[in-house]
Amino acid sequence: MAGEVRVFVGRFGRIALLERTPTIAEHAHAQAHALIKVSGADATFLVEGLEQVLDAGSAVLIDPWAVHAGLPLAGGATAQLLALYIAPYWFERRVQAAIAAGRRRVFSTPRAPLMPTVQAEADRVLDLMRDDAADDDALDRACDLLFRAVVTCYGAADLGEGHSADPRPSDYRIRRAIVHMRAKPGLALDIDACAAVAGLSRSRFFELFRTCTGVSPRVYANAVCIEAAIGMLGTSAMPIHAIAERLGFSAPSHFTRFFLQHLGSTPRAFRNGVRRCAVA
């Protein structure tokens, strides 16, 4: 992938300036997610089965574990995006508790007009991200203000009220399988083995897993794999081929394609673009 790639990891979660690839594979993640167009073509995303157009006057807003994908861009078109990943722990405690209890709806709508306050904070963050001499603490504070503006402008009216906000059941067998998934992140994760850990048949495991999490076991496992890759790329000097091998990819090129399709950046470009706040 050609184009500018800049990533900052701070106390709020992660923010990335990326050039969108032709397609983004269907995926989901634990973070609340907001997308703002920086330049280029309009881009269409499929969020929970509905098309949402990202243009210069809008923001696309994706709840935790909402399944989403990027639809193909027109031939040769490119789009530069600012992608916000709001970590669950960044929210105030009552919202954290609601999310932990199974709340999935953080935003009031999957697409909304780009508010002037959000645009102004996004512009400030972009300026700091593109300034290699900018102080990381200043960038962290600017990102925090942007994330607060996004949640203030677009957060669901009942944010923090977990009992009325799409709570999902919890099952100890699914929790046990998730612990197993997180202990062994990687593409080669055996879903049948996860079902065995849960003590369930394959069909019952898939049904109960989706009921409890809102996504399939494979989508969840892919999210765990991506987060493990992001952690290793951002905090270690481990060669990319070694990361690919650790995560169960048969060749580095397969890892690169997987990472690109899910995150919109190659592993190398992501690593080269990462900055971290000292306290993140």
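Basis of the calculations
Residues numbered from 1 in each chain as written. Predicted model: local features only at pLDDT ≥ 70, side-chain atom pairs only at ≥ 80, totals over all residues. Heavy atoms only, no water. Helix = DSSP H or I, 4+ residues; strand = E, 2+ residues; numbered from the N terminus. Rg over C-alpha atoms; globule rule 2.2 N^0.38 Å. Buried < 20%, exposed > 50% of the residue type's maximum accessible area, 1.4 Å probe, protein only. Contact = heavy atoms within 4.5 Å. Areas by Shrake-Rupley, 256 points an atom, 1.4 Å probe, with all protein chains shown as cover. Lys, Arg positive; Asp, Glu negative; His and termini not counted. Charge placed at Lys NZ, Arg CZ, Asp CG, Glu CD. 1 Å grid on protein atoms, 1.4 Å probe; cavity = no way out; pocket = protein on both sides within 12 Å on 5 of 7 lines; lining within 4 Å. Points joined across faces, edges and corners; volume = space filled by probe spheres on them. Nonpolar A, V, L, I, M, F, W, Y, C, P; charged D, E, K, R; others polar. Pairing = 2+ DSSP bridges. Axes fitted to C-alpha atoms, helices over the stretch in contact; angles between N-to-C directions. Polar contact = N/O pair within 3.5 Å; in protein donor to acceptor, adjacent residues only side chain to side chain.

1. Observations regarding the overall build of the protein chain
Next, step 1: When helices and strands are tallied, the protein chain shows ten helices and eleven strands.
Next, step 2: For 280 residues, the compact-globule formula gives about 19 Å, and the C-alpha radius of gyration of the protein chain, at 18 Å, lands near that figure.
Next, step 3: Based on the C-alpha atoms only, the size of the protein chain along its principal axes is roughly 50 × 45 × 40 Å.
Next, step 4: Here the protein chain holds 280 residues, and the buried ones make up 52% of them.
Next, step 5: Long-range pairs, those at least 24 residues apart, make up 76% of the contacts in the protein chain between residues at least 6 apart in sequence.
Next, step 6: As displayed, the protein chain offers around 12400 Å² of accessible surface, 53% of which is attributable to carbon and sulfur atoms.
Next, step 7: With 31 positive and 28 negative side-chain charges, the protein chain shows a separation of 6 Å between the mean positions of the two kinds.

2. What about empty space enclosed by the protein?
Leftover empty space is mapped by rolling, across the atoms, a probe with the size of a water molecule.
Next, step 1: The final tally for this structure, using the stated rule, is two cavities of 30 Å³ or more.
Next, step 2: Here the largest cavity defines a volume of roughly 160 Å³.
Next, step 3: Forming the walls of the largest cavity are 17 residues, and the residues nearest its centre are Ile24, Leu35, Leu81, Tyr85 and Leu263.
Next, step 4: Within the residue set of the lining of the largest cavity, elements represented by two or more residues are strand 2 (13–19), strand 3 (24–27), strand 4 (32–40), strand 8 (68–70), strand 9 (79–86) and helix 9 (252–263).
Next, step 5: Its residues assigned to classes, the lining of the largest cavity comprises nine nonpolar, six polar and two charged.
Next, step 6: Here the second largest cavity defines a volume of roughly 100 Å³.
Next, step 7: In terms of lining residues, the second largest cavity is bounded by 13 residues, among which His27, Ala28, His29, Ala223 and Ile226 are the most central.

3. Looking at the sheet that holds strand 7 (residues 58–62)
Next, step 1: If you trace the seven strands from one edge of the open sheet to the other, you get 10-7-4-9-2-1-11, paired in mixed fashion. The open sheet has two edge strands, strand 10 (111–113) and strand 11 (274–276), and neither has a second partner. The average undirected angle you get between the axes of adjacent strands in this sheet is 20°.
Next, step 2: Two strands pair when backbone bridges link them, and strand 2 and strand 9 are joined in this way by seven bridges, in the antiparallel orientation. Within strand 9, the position partnered with Leu17 by the bridge is Leu82.

4. Observations regarding the side chain of His29
Next, step 1: For His29, the location among the structural elements is in the loop between strand 3 and strand 4.
Next, step 2: Reaching out from His29, the side chain makes a polar contact with the backbone oxygen of Gln31 at a distance of 3.1 Å.

5. A word on the sheet that holds strand 3
Next, step 1: Within the open sheet, the four strands sit side by side as 3-8-5-6. Their pairing is antiparallel. The sheet is open, and its two edges are formed by strand 3 and strand 6 (50–54), each paired on a single side. Within this sheet the neighbouring strands show an average axis-to-axis angle of 20°, counted without direction.
Next, step 2: Here strand 5 (residues 43–47) pairs with strand 6 via five bridges, running antiparallel. Each residue of the ladder has a partner; that of Leu46, found in strand 6, is Glu51.

6. Let's talk about the side chain of Lys37
Next, step 1: With respect to the element layout, Lys37 can be found in strand 4.
Next, step 2: Take Lys37: its relative accessible area is 14%, and that puts it in the buried class.
Next, step 3: For Lys37, the side chain forms a polar contact with the main-chain oxygen of Gly40, separated by 2.8 Å.
Next, step 4: Within polar-contact distance, the side chain of Lys37 engages the side chain of Asp42 at 2.7 Å.
Next, step 5: Leave out the neighbours within four places in its chain, and Lys37 touches Asp42, Leu54, Asp55, Ala56, Gln80 and Leu81.

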